[in-house]
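Summary of the model geometry
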Amino acid sequence: MAENKIKFYQREKEINGVKYVAQFNGLSAALDAVDENYIDGSSNISTKKFAQYIFDNVILEPKGLTPDSFDNADDMNAVVKWATAVMQGKFRGKE
């Protein structure tokens, strides 16, 4: 049985010359990322809302990111993909 104690983990990764720091905040936070970002009246997740959730709640450094902080969608998607993995706890033993 799992302990009822959240352990916060931070991971660093350089993506396209920028150092990012992301934090695992527990699986409840990962579930909130999905629950809070549905498009009203649908069963689809808003890509923009989800990315902003990641920037506000998972990425610690650099602070204040928005989708417009990136020059192109590929760079933003690489950061969001990596941070989503950290948010979901998929980072142990890989860095």
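Scroll up to find the structure this text is about.
Here is a short report on the structure shown in this document.

1. Concerning the overall build of the protein chain
Per the secondary structure count, the protein chain includes 3 helices and 3 strands. The order of helices and strands in the protein chain, counted from the N terminus, is β-β-α-α-β-α. Whereas a compact globule of 95 residues would reach a radius of gyration of roughly 12 Å, the protein chain reaches 14 Å, a difference of no more than 12%. Dimensions of the protein chain, computed from C-alpha atoms along their principal axes, come out at roughly 45 × 40 × 20 Å. Here the protein chain holds 95 residues, and 33% of them are scored as buried. Summing over all exposed atoms, the protein chain offers an accessible surface of approximately 6,500 Å²; the carbon and sulfur share of this is 48%.

2. Remarks on the environment of Val 58
Within the element layout of this structure, Val 58 appears in the loop between helix H2 (47-57) and strand S3 (59-61). A relative accessible area of 2% means that Val 58 is categorised as buried. With 36 residues separating them in the primary sequence, Val 58 and Ala 22 have C-alpha atoms 5.3 Å apart. Ignoring any residue separated from it by four or fewer positions in sequence, one finds Val 58 in contact with Val 21, Ala 22, Gln 23, Asn 25, Tyr 53, Ala 83 and Met 87.

3. Some thoughts on the sheet that holds strand S2 (residues 18-24)
On the basis of which strands lie adjacent, the open sheet formed by 3 strands has the order S1-S2-S3 and antiparallel pairing. With one partner strand each, in any of the chains shown, strand S1 (9-15) and S3 form the two edges of the open sheet. If you compare each strand with its neighbour and ignore which way they point, the axes differ by 35 degrees on average. Summarising the sheet, S1 and S2 pair through 7 bridges and their orientation is antiparallel. Residue Gln 10 lies in a different strand from S2, and its bridge partner there is Gln 23. On the sheet, helix H3 (residues 73-87) packs against S1, S2 and S3 and is oriented at approximately 30 degrees with respect to S2.

4. A few points about the environment of Trp 82
Within the fold, Trp 82 resides in helix H3. Using a relative accessible area of 8% as the deciding quantity, one classes Trp 82 as buried. Sequence separation between Trp 82 and Val 34 is 48 residues, and the spatial gap between their C-alpha atoms is 16 Å.

What counts and what doesn't
Residues numbered from 1 in each chain as written. Predicted model: local features only at pLDDT ≥ 70, side-chain atom pairs only at ≥ 80, totals over all residues. Heavy atoms only, no water. Helix = DSSP H or I, 4+ residues; strand = E, 2+ residues; numbered from the N terminus. Rg over C-alpha atoms; globule rule 2.2 N^0.38 Å. Buried < 20%, exposed > 50% of the residue type's maximum accessible area, 1.4 Å probe, protein only. Areas by Shrake-Rupley, 256 points an atom, 1.4 Å probe, with all protein chains shown as cover. Contact = heavy atoms within 4.5 Å. Pairing = 2+ DSSP bridges. Axes fitted to C-alpha atoms, helices over the stretch in contact; angles between N-to-C directions.

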